[in-house]
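# Descriptive structure summary
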Amino acid sequence: MTEYKNLKLIATSSPHIRGAETTRSIMLDVIIALVPAMVFACFNFGIRALTLIAVSVVGCVFFEWLYRKLLKKPQSVGDLSAVVTGVLLALVSPVTLEYWAILIGDFFAIVFVKQLFGGIGKNFVNPALAGRAVLLASYAGAMTRWINPAADKAAILGSNVDAVTAATTMSYLKTGDMEGLKAAYTIADVFLGKIGGSLGEVSAAALILGGVYLIWRKVINWQTPVAYIGTVAVLSFLFPKAGTGLEWMLYSVFGGGLMLGAFFMATDYATSPVTKKGQVIFGIGCGLFTVLIRYFGSYNEGVCYSIMVMNLLVPLIDKYTKPVRFGVVKSDKKEAAAK
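Quantities reported herein were computed from a predicted structural model and do not represent experimental measurements. Here, residues in each chain are numbered from 1, in the same order as that chain's written sequence. For a predicted model such as this one, the threshold for reporting local features is a pLDDT of at least 70, and the threshold for listing and counting side-chain atom pairs is 80 or more; totals across whole chains, interfaces and linings nevertheless cover every residue. For side-chain calculations, the full set of non-hydrogen atoms in the structure is used, while hydrogens and water are omitted.

### What to know about the environment of A142
A run of DSSP states H or I qualifies as a helix once it reaches four residues; a run of E qualifies as a strand once it reaches two. Both are numbered from the N-terminal end. Locating A142 in the fold gives a position in helix α7 (residues 140-143). Spatially, the C-alpha atom of A142 lies 8.9 Å from that of A101, the residues being 41 residues apart in sequence. The contact rule is simple, with two residues in contact once any of their heavy atoms fall within 4.5 Å. Excluding anything up to four places from it in sequence, A142 contacts P94 and L97.

Here it is as structure tokens:
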């Protein structure tokens, strides 16, 4: 017993096991995972893609710093979460979007969706998606003006109104014009990103590369993106509006914002379920709503709103998928819930 008398025991509250990851390191991994999409956006659309991303990032960081400065709260810009929000909001916007418009989206995402609810980890929907939804509702024309990157590059200054516009993959799918879609873009074009669209939604290959990196780094789990993409793939294959099921499925999966949403939006820690079963349910729900909006809604794309709807259902999903505590039998659990 004498050897135990010299031990220095420290009694602390949980958690007793701590990981080496921090919020900053996680956000840095997300930024690294988004680099392929950002690089391709600059290659595809020109230098204005980089300036739009930079303005969005600066705007998000500034609004977060200013809010916490005015309310005399500890600064949180060092955790890089505002940087991630700025990058994501730029990536779901067209390259021709005016700089002042992206700043409005930044303000809404950071102040109204994130900070007013307590800061990082306390927002009820994804801030970048909420910012996009507000911009789409307020400036629908600017948010749906796509240029043909093969014919023109976006001007650094100005709205680029003289650029050659192009229909997106989702536009063709919405009308069921499979022949027109195949004439405009091959499946390889859509996969690699040789198409028009939002900055980060055109290259499925770049987004998959970033998503695999996040899974490898264990920043995200595979359940949500696989369930999300798998649901869209199965429903699109079984219920094609035109062409063969395989063609319709591949264009539906590689086109639009599915890859960006599945890997980078639906996996947001604060707005997604914590259990593996809940993450699968969440992914299936996102996929179901995405297909329903694409097929029956007035808007071509359904990723943004499907994820936001499922964000609101996360507390309910967590409630019914949380594991039973060790030693608690189901009858005891039901009796406790009834009291």
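Additional details are given in the paragraphs that follow.
### Observations regarding helix α11 (residues 204-216)
End to end, α11 covers 18 Å across 13 residues, agreeing with the expected 18 Å (1.5 Å per residue, within 8%). Within α11, the full set of buried residues consists of A204, A206, L207, G210, G211 and L214. Projected down its long axis, α11 shows its buried positions confined to an angular sector of 160°, all on one face. Looking at α11, the residues exposed on the side facing more than 90 degrees away from the buried face are L209 and W216. In this structure, the buried side of α11 is in contact with α2 (23-45), α10 (187-192), α13 (245-254) and α14 (258-265). A helix's residues, less one, multiplied by 1.5 Å, set its expected span. Each residue is placed in one exposure class: buried if its accessible area under a 1.4 Å probe, protein chains only, is under 20% of its type's maximum, exposed if it is over 50%, and partly exposed if it falls in between. Think of it as the arc spanned by the lines of direction from the helix axis to the C-beta atoms.

### With respect to the packing of aromatic side chains
Side-chain rings of Phe, Tyr and Trp, where Trp is taken by its six-membered ring, are said to pair if the distance between their centres is within 6.5 Å; with planes under 30 degrees apart they count as stacked, over 60 as edge-to-face, and otherwise as tilted. In this structure the tally under the stated criterion is 13 aromatic pairs. Considering the side-chain rings of Y213 and W216, the 6.0 Å spacing of their centres and the 50° angle between planes classify their relative orientation as tilted. Here W216 and Y213 lie together in helix α11, a separation of three residues that amounts to about one turn. When its relative accessible area of 64% is taken as the criterion, W216 is described as exposed. Aromatic pair W248 and Y295: ring centres 6.3 Å apart, planes at 85°, arrangement edge-to-face. Of this pair, W248 sits in helix α13 while Y295 sits in helix α15 (residues 276-296), and the two are 47 residues apart along the sequence. Three or more aromatic residues joined by ring pairs form one cluster here, namely F62, F63, W65, F107, F108 and F112. The criterion is that NZ of a Lys, or CZ of an Arg, lies within 6 Å of the ring centre and within 35 degrees of the ring normal, and then a charge sits over that ring. Across the ring face of Y99, the terminal group of R48 is positioned such that the distance to the ring centre comes to 4.4 Å. In this structure, K241 packs its charged tip against the face of Y295, placed 5.6 Å from the ring centre.

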